[in-house]
Amino acid sequence: MSRLFDPTGHEPLVGLDWDESHARDAIAAICGDAEAAFDRRRLWPLHPLDDEPGTPADGIMRGLYCGAAGMLHGLLRLVDAGVWESSLDGGAIAERLHDDAVRSPDEPGAGGSLLAGTSGILLVAHRLAPSAANADAIAGAIAANVERPSNELLLGAPGTMLAARAMHERTGERRFCDLWRASARTLLARQDSDGLWTQDLYGDRMRYLGAAHGFAGNVLALHSAAEWLDDAPAVEARAIATARATALMRGALANWPPLDIGSRSGAAPRVQWCHGAAGIVTSLAALGQYDEPHGALLAAGGELIWHAGPISENPGLCHGTAGNGFAFLALFDRTGDERWLHRARKFAMHALQQVARLRTATARGRYTLFTGDIGAALLAAACIAGDAAFPGIRDL
C-alpha cells in the first residue's frame, strides 16, 4: 500500500489558539441547541446522514451510538464536568428508554449489544434511575450477547464486556464479573494465532483491525478488567505484538489498514476512531506502560493523526475530528507530554468551528453521541480537564 492515508479526507487545521472561555461558550451553545431540539414524544430528530438501512420505521433512535441514550450520556458527562446545567428531566427520559429498550432494540439484529442494542440504553437508564429490575435487564442483555459471533465492539460481546465492568463498579454484584469472564473466555477462544479475530458481520466474514469492529476494540474490552483474566500478561503481550506486526510505517508516522488484507477497495487507510490510527492509539494507549517500542509506535500513530489534520466536514467522534482528538488525550494521559494536550486542544477548537459552520450551512444540528455535534463539546470539555476517557466506551 503506497499511501498511509488519503489527504482528500482531511482539511487544514484552523489557526485558533486554545481559549477555554470560547470553548465553554461553544459547549453551552451545542448543549443548548440539543436540549431545544428534544421532543418528549419523538426524542431527538434524526439527521439525514444518520438515516441508514436498519433505521426504525418511525425514525426514533434510542441507542447509545446513534440515539437518545447516547445524547443523554453525553449531556450527563458534560454536566459532571461542570460545563453544562441541563434542563431536561433525565429520570423521566430514562424511564421511557428503559421501557422501550426492554420492548424492542433500535436496530434489527442489534440485540443486547452496547452501542446499537439494549445494554447501552439500559446502562444510561440505570445511571439516571437505578433499580433492581434495570440491573436484571442489563444482566440478561449481557448474557444474551456472550456467544454472539460478531467478535467486535459495536454489536458483539466486547461491547457488553464494557457494560459488565461498568455495572460491577456501580453495584459490586458478582454476577457482572462472572458475565465479563464468560465473555472474555469465549472471545479469547476465538482469537486467531496471529492475535486477530474474524468478524462475522452482516453476512460478511473479515478480520478488522480497528476500534469499532475489530482487534483494537476487543483488546480494549479485555484490558478493561485485566485483573479478571487468568493470563493477563500474555494477553497484553500478544496485543502489543499484533499492533506492531500490523502497523504501516513511513518514517516517524504509523497507521493501520481497516483489514488484515489492507482494504477491499484498495483505498488508502482511514485516520479515524472506527478505522485507523486514532482508534488503535485510543484503545491501546493503556497497554505496556514501560514498553518503549510500544510507546514509540503509539506516538508514531499520533504523529500521523496530527500530520493528516482534521477530518473534512465532520466534527464527530466515530469518524470525525473530535474522535481523533481523543487519541492525543490518550497519549497525553500515557506520557504526560504537554505536546499531546496542545494538539488535542487544537483539534477541539477546530471541531467546535466545524459544528458552527455546519449548523450555519444546514440550519440544523446533528444529535447523536458518535456522529453528532456533542462529540466536539465532549472533546473540548475533556481538554479542559485533561480527561482521556473516550465517550460511550471508557466512561460508562
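This report concerns the structure included in the present document. The structure presented is a predicted model; accordingly, all values stated were derived computationally and were not measured.

Rules behind the numbers
- Residues numbered from 1 in each chain as written.
- Predicted model: local features only at pLDDT ≥ 70, side-chain atom pairs only at ≥ 80, totals over all residues.
- Heavy atoms only, no water.
- Helix = DSSP H or I, 4+ residues; strand = E, 2+ residues; numbered from the N terminus.
- Rg over C-alpha atoms; globule rule 2.2 N^0.38 Å.
- Buried < 20%, exposed > 50% of the residue type's maximum accessible area, 1.4 Å probe, protein only.
- Contact = heavy atoms within 4.5 Å.
- Areas by Shrake-Rupley, 256 points an atom, 1.4 Å probe, with all protein chains shown as cover.
- Polar contact = N/O pair within 3.5 Å; in protein donor to acceptor, adjacent residues only side chain to side chain.
- Core = buried A, V, L, I, M, F, W, Y, C linked by side-chain atoms within 4.5 Å.
- Axes fitted to C-alpha atoms, helices over the stretch in contact; angles between N-to-C directions.
- Parallel < 35°, antiparallel > 145°, perpendicular 65-115°, else oblique.
- Left-handed = near helix turned anticlockwise from the far one by under 90°.
- Nonpolar A, V, L, I, M, F, W, Y, C, P; charged D, E, K, R; others polar.
- Phe/Tyr/Trp six-rings, centres within 6.5 Å; stacked < 30°, edge-to-face > 60°.
- Lys NZ or Arg CZ within 6 Å of the ring centre and 35° of its normal.

Here we come to the overall build of the protein chain. When helices and strands are tallied, the protein chain shows 14 helices and four strands. Over its C-alpha atoms the protein chain spans a radius of gyration of 20 Å, differing by no more than 12% from the 21 Å that the globule rule assigns to 396 residues. By its C-alpha atoms, the protein chain is 55 × 50 × 40 Å across when sized along the principal axes. Within the protein chain, buried positions represent 60% of all 396 residues. Long-range contacts, defined here as pairs at least 24 residues apart, represent 71% of the contacts in the protein chain between residues at least 6 apart. Total accessible area computed for the protein chain in this model is approximately 15200 Å², and 52% of it derives from carbon and sulfur atoms.

Glancing now at the side chain of asparagine 145. Mapped onto the fold, asparagine 145 is located in helix H5 (residues 132-145). A polar contact is formed between the side chain of asparagine 145 and the backbone oxygen of leucine 155, at a distance of 3.1 Å. Apart from residues no more than four positions distant in its own chain, asparagine 145 is found in contact with Gly112, Ser113, Leu155, Gly156, Ala157 and Thr160.

Let us look at unusual backbone geometry. Its identity is not glycine, yet asparagine 151 carries a phi of approximately 55°, on the positive side. Its location among the elements puts asparagine 151 in the loop between H5 and helix H6 (157-171). Residue asparagine 151 is classed as buried on the basis of its relative accessible area of 7%. In this structure, tyrosine 202 takes a positive phi of about 50° despite not being glycine. Here tyrosine 202 is to be found in the loop between strand E1 (199-201) and strand E2 (204-206).

This paragraph deals with the nonpolar core. If you look at the biggest cluster of nonpolar residues, it comprises 132 residues, and the most contacted ones within it are Trp44, Leu78, Phe215, Trp273, Leu329, Phe370 and Ile393. Once residues within four sequence positions are removed from consideration, tryptophan 44 is found in contact with Ala34, Ala37, Phe38, Ala68, Met71, Leu72, Leu75, Leu88 and Tyr367.

Turning to the packing of H6 against helix H7 (residues 174-189), a few remarks are in order. At a minimum axis separation of 8 Å, H6 and H7 run at an interaxial angle of 160°. In terms of orientation, H6 and H7 fall into the roughly antiparallel class. Here H6 runs over H7; the crossing is left-handed. For the pair formed by H6 and H7, the contact residues are Ala157, Pro158, Met161, Ala164, Arg165, Met167, His168 and Thr171 on the first element and Phe176, Cys177, Trp180, Ser183, Ala184 and Leu187 on the second. The class makeup of the residues in the contact of H6 with H7 is ten nonpolar, three polar and one charged.

Our next topic: the packing of aromatic side chains. A full pass over the atoms with the stated rule returns eleven aromatic pairs. Between tryptophan 273 and phenylalanine 390, the ring centres sit 5.0 Å apart and the planes meet at 15°, which makes this aromatic pair stacked. Of this pair, tryptophan 273 sits in the loop between strand E4 (253-255) and helix H10 (277-284) while phenylalanine 390 sits in the segment after helix H14 (374-385), placing them 117 residues apart in sequence. The pair tryptophan 273 / phenylalanine 390 is uniform in exposure class, with both members buried. Through a chain of ring-to-ring contacts, the aromatic side chains of Tyr65, Trp273, Phe326, Phe370 and Phe390 assemble into a single cluster. If you follow arginine 165 out to its NZ or CZ, it ends over the ring of tryptophan 228, 4.9 Å from the centre.

As far as function goes, none of this settles anything; it's purely spatial.
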